[in-house]
Structure formats: C-alpha cells, structure tokens
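Residue-level structural notes
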Amino acid sequence: DQQVKQNSPSLSVQEGRISILNCDYTNSMFDYFLWYKKYPAEGPTFLISISSIKDKNEDGRFTVFLNKSAKHLSLHIVPSQPGDSAVYFCAASAEETSGSRLTFGEGTQLTVNP
Amino acid sequence: KAGVTQTPRYLIKTRGQQVTLSCSPISGHRSVSWYQQTPGQGLQFLFEYFSETQRNKGNFPGRFSGRQFSNSRSEMNVSTLELGDSALYLCASSLAGWGYTFGSGTRLTVV
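Residues numbered from 1 in each chain as written. Chains lettered and ligands numbered in written order. Predicted model: local features only at pLDDT ≥ 70, side-chain atom pairs only at ≥ 80, totals over all residues. Heavy atoms only, no water.

With respect to the overall build of chain A
Applied cut-off: Per the convention used, a helix needs a DSSP run of H or I reaching at least four residues, while a strand needs a run of E reaching at least two, with both numbered from the N terminus. Atoms counted for the radius of gyration: C-alpha only. Globule rule: 2.2 Å times the number of residues to the power 0.38. Here, two residues are considered to be in contact whenever any of their heavy atoms come within 4.5 Å of each other. Each accessible area is a Shrake-Rupley result for a 1.4 Å probe, and residues are judged covered by the shown protein chains and nothing else. Neither His nor the chain termini are counted; the positive set is Lys and Arg, and the negative set is Asp and Glu. Every charge is mapped to an atom, namely NZ of Lys, CZ of Arg, CG of Asp or CD of Glu.
Counting secondary structure elements, chain A contains zero helices and 11 strands. The linear arrangement of helices and strands in chain A, starting from the amino end, is β-β-β-β-β-β-β-β-β-β-β. Since a compact globule built from 114 residues should have a radius of gyration of about 13 Å, the 13 Å found for chain A is in line with a globular shape. Judged by the C-alpha coordinates and their principal axes, chain A covers about 45 × 30 × 20 Å. Taking the intrachain contacts of chain A between residues at least 6 apart in sequence as the baseline, contacts between residues at least 24 apart amount to 55%. Counting only carbon and sulfur atoms, one obtains 49% of the accessible surface of chain A, whose full area is about 5400 Å². For chain A, the separation between the mean place of its 10 positive charges and that of its 12 negative charges on side chains is 3 Å.

Observations regarding the pattern of salt bridges
Heads up, the rule is: By convention in these notes, a salt bridge is any Lys or Arg side-chain nitrogen within 4 Å of a carboxyl oxygen on Asp or Glu. Accessible area is worked out with a 1.4 Å probe on protein chains only. A residue is then buried under 20% of its type maximum, exposed over 50%, and partly exposed in between.
Within this structure, the stated rule accounts for eight salt bridges over all chains. Two residues, Glu106 of chain A and Lys5 of chain A, come together in a salt bridge whose shortest N-O distance is 3.3 Å. Taken as a pair, Glu106 of chain A in the loop between β10 (103-104) and β11 (108-113) and Lys5 of chain A in strand β1 (residues 4-5) lie far apart in primary sequence, 101 residues in all. Classification of Lys5 of chain A by relative accessible area gives partly exposed; the value is 33%. Of the charged contacts in the structure, one is a salt bridge between Asp84 of chain A and Arg61 of chain A, with a shortest N-O distance of 2.8 Å. Of this pair, Asp84 of chain A sits in the loop between β8 (72-77) and β9 (86-93) while Arg61 of chain A sits in the loop between β6 (56-59) and β7 (62-67), placing them 23 residues apart in sequence. Given the relative accessible area of 2%, Asp84 of chain A is considered buried. Connected through salt bridges with shared partners, the residues Arg63, Glu82 and Asp85 of chain B form a single ionic network.

Considering the state of the cysteines
How we decide: Disulfide assignment relies on a single distance test, namely cysteine sulfur atoms paired within 2.5 Å.
Applying the stated criterion across every chain yields a total of two disulfides over all chains. Two residues share a disulfide in this structure: Cys23 of chain A and Cys90 of chain A, whose sulfurs sit 2.0 Å from each other. The chirality of the disulfide connecting Cys23 of chain A with Cys90 of chain A is left-handed, given an S-S dihedral of about -70°. With Cys23 of chain A in strand β3 (residues 19-25) and Cys90 of chain A in strand β9, this residue pair connects regions lying 67 residues apart in the sequence. What makes Cys23 of chain A buried here is its relative accessible area of 0%. Here Cys23 of chain B engages in a disulfide with Cys91 of chain B; their sulfurs sit 1.7 Å apart.

With respect to the interface of chain A and chain B
Under the convention used in this document: What counts as buried area is the accessible surface, traced by a 1.4 Å probe, that two parts surrender upon association, with contributions from both included. Pairing of N or O atoms within 3.5 Å defines a polar contact, subject to two protein rules: one partner must be a possible hydrogen donor and the other a possible acceptor, and residues neighboring in sequence count only if both atoms are side-chain atoms. Polar here means any residue outside two lists: the nonpolar Ala, Val, Leu, Ile, Met, Phe, Trp, Tyr, Cys and Pro, and the charged Asp, Glu, Lys and Arg; Gly therefore counts as polar.
Taken together, the 18 residues of chain A in the interface contact 21 residues of chain B. Together, the buried faces of chain A and chain B total about 1600 Å²; carbon and sulfur atoms form 55% of this surface. Between chain A and chain B we count zero salt bridges in total. In this structure, the connection of chain A to chain B is made through four residue pairs in polar contact (both at pLDDT 80 or more). Looking at the side of chain A that touches chain B, the elements with two or more residues in it are β4 (32-38) and β9 of chain A. Broken down by element, the residue count for the side of chain A that touches chain B peaks at three residues, all from β4 of chain A. The residue inventory of the side of chain A that touches chain B, partitioned by class, reads seven nonpolar, seven polar and four charged.

Below is the structure:
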C-alpha cells in the first residue's frame, strides 16, 4: 500500500518557467511533509517542509502548498533553473511515529531545459 | 562539518551471502535511520537507532538488522542475500529525530 504517491515519474519544463511537482497521500495521520531533491550518486537533500497546521510555506524560489482536505501537496519552483534538474521526493511523517520514520513517494524526475 | 559518511560506496555480493554496511553520522547526531531505495519504490524506511537503541522499525524481514555503537556510528546487516535486495541503501542522521541529513548511500548489487 503506497501511502505517498507521486503520479508523475517525470516532468520537463523550460528554464525560467514554473515547475509544479505533485504528491498525494492517503494516511490522515501524516502531519508533517517534506520535499527532498536527489542528484545521481548522492543522497537526498532536504529542500522544504510544511506542517499540517499550515497550507503554504515559502523559501526563496521554492513554495510548498498543502491541501489537507484533498490530501495533496505540491512543490512550486519559480523560476526553474537547469541546476534544478534532479529527482524530487515527497515525504511524510506522523507525530506518533516521530519524524524519524519518513514515508517517501516514488519520486519525480524534473528536467529543466535551457 | 563533515557530512554523513557511508562505506563502502559500492558492493557486489552473491546470493546467500551476508553483508554489513556502515554509516558514520554527523558529529553530535544521535539518531541514525536507514532506508532502502529500489527503482519504482522510492525510499523505504528500514529502521532508526537512537542512543544505541532501535526506536523504530519498518516492514522488512528479519534478515535485515542493524545496530548503533556508543559513538553513534551505525551498521546494518543483511543475511542470506536475495537478488531483490539489490538497492541503494541510504543512511540519514539527525540530532534528535527530526531534520535528517542523508549520506550518499551504498549501492549493493546481489548476483
């Protein structure tokens, strides 16, 4: 049972445009959500997170939106840059299991074309 | 400061063998988590150790085990290797269980 799903395995955008990566979850106990970025041969790097008490969190070019009723979150990157090309993972955790147990989606390969 | 260090980076083993992977967390970090990444499966949680105690465990068979030493370094062991155990194994550390930093992983190939 995949509790966190990223339905788009890949996304291609032009440099300077907006990238929107989507993530859906099924477990209503999840209360903390994170996005990680991963380059080949490296471990995931933390990008941005959001608590379930918020519906938006912004950090520079990155904004995460959370729609709890739809159990959906999205990551917006504006403007997209070629260096953003990587695999992006959505992850979630529930307080009852502590933040140590992250449930990840399958990842979305983002390609930003110059 | 030094990041999370995993050794070895690459490993090839034969079915039926066992393997031990090592993880050195960021200095001062007491929590270490392990994840398995396979194509199409994302990252799946294996277990977490905090102050030498297993605090959390994922849904993996008993062939997967781990431990943590007093200096917070951690090892994971996989016994009786199967072809399906071929994966990237990632270790992550944090001060107390939030805000994890990942290592670059160990790529295990079982032939």
